[in-house]
Amino acid sequence: MGSQILKISPFASSSIFNATPFLRFQAKTVVTISKTQFRSNSLVSSSGFVPLSNNKRGLSGGVVAMASATGGSVQKSEEEWRAILSPEQFRILRQKGTEYPGTGEYDKFYGEGIYQCAGCGTPLYKSTTKFNSGCGWPAFFEGLPGAINRTADPDGRRIEITCAACGGHLGHVFKGEGFPTPTDERHCVNSISLKFAPANS
């Protein structure tokens with residue numbers, strides 16, 4: 001009582017889900033709506049995304065908020081992201097692209113400091129967790145607590161990693177590859193998704 005369950009096809013023309021380039025929906029999305037709650041079991045629990053659409057309550061279209069585990073969030077429209085990111089940053093961070101292996105500026109870089117999200121500046125990785133995996137992209141064995149979200153790709157073959165604060169695409173995480181690291185994980189991250197802050201700055 002006091003709530004309704006709506007079943008919405010991902011192909012429906014309803015304006016509640018404005019299409020954004022980096023959201024993918026499962027075959028069925030169950031949304032629970034009550035006076036104090038808006039929850040989507042496939043959008044919020046798995047990736048934290050809550051797409052907002054034009055409506056009569058004053059929400060602006062195309063704005064996506066991503067709440068981080070530490071409580072912070074960054075809300076920007078697609079147009080705002082395009083204004084602050086280079087075309088290549090936008091392609092990778094917002095459209096889930098990938099840079100060519102061996103071409104990123106941080107692939108073979110090992111300075112001391114913190115790697116931040118290039119989109120919103122959230123600290124993601126300590127330099128002490130970076131290692132040479134030989135894969136052609138920067139590799140880290142763990143992220144800072146609460147800084148990175150993990151979401152299974154639609155094909156179920158890989159786990160995508162995104163910035164918990166803004167939802168920016170970082171790359172993918174792989175487990176059990178046998179690297180001599182404390183976690184036996186490899187966070188394979190696009191250099192262009194990162195911004196390095198030296199320890200002495």
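Predicted model, so just to flag it, every value in this text is computed and none were measured.

(A) Examining the nonpolar core more closely. Membership of the largest hydrophobic core comes to 23 residues, with the highest contact counts inside it found for L124, Y125 and L194. Listing elements by their share of this core, those giving two or more residues are α3 (87-94), β7 (113-117), β8 (123-126), β12 (159-163), β13 (169-175) and β15 (194-198). Look past the residues within four positions of L124 in its chain and what remains in contact with it is Y115, Q116, C117, G143, L144, A147, I148, C163, L170 and L194.

(B) A look at α3. Among the residues of α3, Q89, F90, I92, L93 and R94 are the ones counted as buried. Buried residues belonging to α3 abut α2 (78-84) and β13. In the stretch just after α3, K96 is the one whose phi turns positive, near 60°.

(C) Expanded view of the pattern of salt bridges. Inspection of the entire model under this criterion finds eight salt bridges. Close ionic contact of E185 with K175 constitutes a salt bridge, the shortest N to O distance being 2.9 Å. Of the two residues, E185 is situated in strand β14 (residues 185-189) and K175 in strand β13; the sequence distance between them amounts to ten residues. Note that R186 and E177 form a salt bridge whose closest N and O atoms lie 2.7 Å from each other.

(D) Up close: the packing of aromatic side chains. Inspection of every chain in the model, using the stated rule, returns eight aromatic pairs. Among the aromatic residues, ring-to-ring pairing joins Y106, F109, Y115, Y125, F140 and F196 into one connected group. Directly above the aromatic system of W81 lies the positively charged group of K76, at a separation of 5.8 Å from the ring centroid. A cation over a ring is seen here: K130 above Y110, with NZ or CZ 4.0 Å from the ring centre.

(E) Region of the structure containing the confidence of the model for the chain. Looking at the chain as a whole, its pLDDT mean stands at 74, while 64% of the residues score no less than 70. Confidence drops under pLDDT 50 across residues 1-71; counting only partners more than four residues distant or on other chains, this segment forms 127 contacts.

(F) Structural detail: the sheet that holds β15. The sheet built from three strands is open, its strands ordered β8-β7-β15 with antiparallel pairing. The sheet terminates laterally at β8 and β15, the two strands that pair on one side only. If you compare each strand with its neighbour and ignore which way they point, the axes differ by 30° on average. Across five bridges, the pairing between β7 and β15 is antiparallel. Pairing of Q116 across the sheet is with K195, part of β15.

(G) Main features of the sheet that holds strand β11 (residues 148-152). Strands sit in the order β9-β10-β14-β13-β12-β11 across an open sheet of six strands; the sheet is antiparallel. Single-partner strands in this sheet number two, and they are β9 (130-131) and β11.

The rules we used
- Residues numbered from 1 in each chain as written.
- Predicted model: local features only at pLDDT ≥ 70, side-chain atom pairs only at ≥ 80, totals over all residues.
- Heavy atoms only, no water.
- Core = buried A, V, L, I, M, F, W, Y, C linked by side-chain atoms within 4.5 Å.
- Buried < 20%, exposed > 50% of the residue type's maximum accessible area, 1.4 Å probe, protein only.
- Helix = DSSP H or I, 4+ residues; strand = E, 2+ residues; numbered from the N terminus.
- Contact = heavy atoms within 4.5 Å.
- Salt bridge = Lys/Arg side-chain N within 4 Å of Asp/Glu carboxyl O.
- Phe/Tyr/Trp six-rings, centres within 6.5 Å; stacked < 30°, edge-to-face > 60°.
- Lys NZ or Arg CZ within 6 Å of the ring centre and 35° of its normal.
- pLDDT = per-residue confidence, 0-100.
- Pairing = 2+ DSSP bridges.
- Axes fitted to C-alpha atoms, helices over the stretch in contact; angles between N-to-C directions.

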